[in-house]
Amino acid sequence: MPLLFLLALFLLADFIVLFTLGAKLGLLLTLLWIALSAAFGLHLIRRESLLTLQRARERLALGELPSDELLAGATFVLAGVLLMAPGFLSDLLGLVCLLPGSGQLARRWFPRAASGGGRTQGQGGSEWGPAASTAHRDSAPRDGSESRPLEGDFIGRDSSGRDGDSR
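From a predicted model like this one, the values you see are computed outputs, not experimental measurements. Residues take numbers from 1 onward in each chain, read along the sequence in its written order. pLDDT decides what is reported in this predicted model: residues at 70 or higher carry local features, side-chain atom pairs at 80 or more are listed and counted, and totals for whole chains, interfaces and linings draw on all residues regardless. Water and hydrogen atoms play no part in the side-chain values, which are based on all heavy atoms of the structure.

Colleague: Help me understand the overall build of the protein, please; the structure alone is not making it clear to me.
Modeller: Looking only at helices and strands, the protein has seven helices and two strands in total. Here's how the labels work: a residue is buried when its accessible area is under 20% of the maximum for its type, exposed when over 50%, partly exposed in between, all with a 1.4 Å probe on protein chains only. A buried classification covers 23% of the 167 residues belonging to the protein. Note on definitions: a residue-residue contact is assigned when non-hydrogen atoms from the two residues lie within 4.5 Å. Put simply, 50% of the contacts in the protein that link residues at least 6 apart link residues at least 24 apart. Only the protein chains shown count as cover for residues, and all accessible areas are computed by the Shrake-Rupley method using a 1.4 Å probe. Taken as a whole, the protein presents about 12300 Å² of accessible surface, with 67% of it coming from carbon and sulfur. Secondary structure elements follow DSSP: runs of H or I of four or more residues count as helices, runs of E of two or more count as strands, with numbering from the N terminus.

Set out below in structure tokens:
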């Protein structure tokens, strides 16, 4: 809810600045600025989304997580969206997102996204992925002597479930 409130305040301030500067600059110059910044934002979104996808595929082919590329691409797409929005404050914020250091700033603000979601990877895939969660169910006896775990139950990595020990 606070994020929605801040977004509403930003939009209100953006329109106030747009109308204030628009009255001083004139209608034609203001409309020209809005059209040019929107065209630049659209071009930026198209170009950077394709380049980010290409870099991410290259990193995936090398067996690495493309988190840095995706975060940088998201920063450029955000800049493009802000440039497409009519207003001087959103254009200014979009141009700040285009600065070379903005990717490092985004990594500081969103550390989980930069590290691949905060999950570690083992040999069998993601630590919490399907390989870890279905291994116990597939190795459990089918005769009904042990109840199958419910969805959301925690199954430790070292417990096989065959010896009937309690948790």
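Colleague: Please clarify how the pattern of salt bridges should be interpreted in this entry.
Modeller: Proximity of charged atoms lets side chains of opposite charge pair with each other. Salt bridge, as applied in this entry: a Lys or Arg side-chain nitrogen positioned within 4 Å of an Asp or Glu carboxyl oxygen. Evaluated as defined, the whole model comprises four salt bridges. The salt bridge partner of Arg-47 is Glu-48, with a shortest N-O separation of 3.1 Å. Judged by its relative accessible area of 39%, Arg-47 is partly exposed.

Colleague: For this particular structure, what's the right way to read the side chain of Arg-59?
Modeller: Mapped onto the fold, Arg-59 is located in helix H2 (residues 27-61). Engagement of the side chain of Arg-59 in a polar contact is seen with the backbone oxygen of Leu-65, the distance being 2.9 Å. For Arg-59, the contacting residues outside a window of four places in its chain are Glu-64, Leu-65, Pro-66, Asp-68 and Glu-69. Polar contact is the term for a pair of N or O atoms within 3.5 Å; when the atoms are in protein, one must be able to donate a hydrogen and the other to accept it, and sequence-neighboring residues count only if both atoms are side-chain atoms.

Colleague: Where do I start with the packing of aromatic side chains in this structure?
Modeller: We describe a pair of aromatic rings using the distance from one ring centre to the other and the angle between the two ring planes. Here the aromatic set is Phe, Tyr and Trp, taking the six-membered ring for Trp, and pairing holds for ring centres within 6.5 Å; pairs whose planes are under 30 degrees apart are stacked, those over 60 apart are edge-to-face, and all others are tilted. If you walk through the whole model with that rule in mind, you get two aromatic pairs. Ring centres 6.3 Å apart and planes at 25° place the aromatic pair Phe-15 and Phe-19 in the stacked group. Of this pair, Phe-15 and Phe-19 are both found in helix H1 (residues 2-25), four residues apart, which corresponds to roughly one turn of the helix. Exposure remark for Phe-15: the relative accessible area of 37% places this residue in the partly exposed category.

Colleague: I'm lost on the layout of surface pockets in this one. Help?
Modeller: Any empty space left between atoms is shown by rolling a water-sized probe over those atoms. Considered as a void within the structure, the largest pocket measures approximately 690 Å³ in volume. Every definition here rests on a 1 Å grid over the protein atoms only: cavities are sets of points where a 1.4 Å probe fits but cannot get out, pockets are open sets enclosed by protein on both sides within 12 Å along at least five of seven lines, and lining residues have some atom within 4 Å of a point. Contributing to the lining of the largest pocket are 24 residues, with Leu-78, Leu-82, Leu-93, Cys-97 and Trp-109 lying nearest its centre. Tallied by class, residues from the lining of the largest pocket come to 19 nonpolar, four polar and one charged. Grid points are joined across faces, edges and corners, and a volume is the space filled by probe spheres set on the points. Classes in brief: Ala, Val, Leu, Ile, Met, Phe, Trp, Tyr, Cys and Pro nonpolar; Asp, Glu, Lys and Arg charged; the others, Gly included, polar.

Colleague: Please explain helix H3 (residues 67-84) as it appears in this structure.
Modeller: How far a helix is expected to stretch is found by multiplying one less than its residue total by 1.5 Å. Its 18 residues place the ends of H3 25 Å apart at the C-alpha level, agreeing with the 26 Å of an ideal helix rising 1.5 Å per residue. Buried residues of H3: Ser-67, Glu-69, Leu-71, Gly-73, Thr-75, Ala-79, Gly-80, Leu-82 and Leu-83, and no others.

Colleague: Which parts of the structure should I look at to understand the side chain of Thr-52?
Modeller: The residue Thr-52 is located in helix H2 in this model. In this structure Thr-52 comes out as buried when scored by relative accessible area, which is 6%. The residues touching Thr-52, leaving out its near neighbours within four places in the chain, are Glu-69, Leu-70 and Gly-73.

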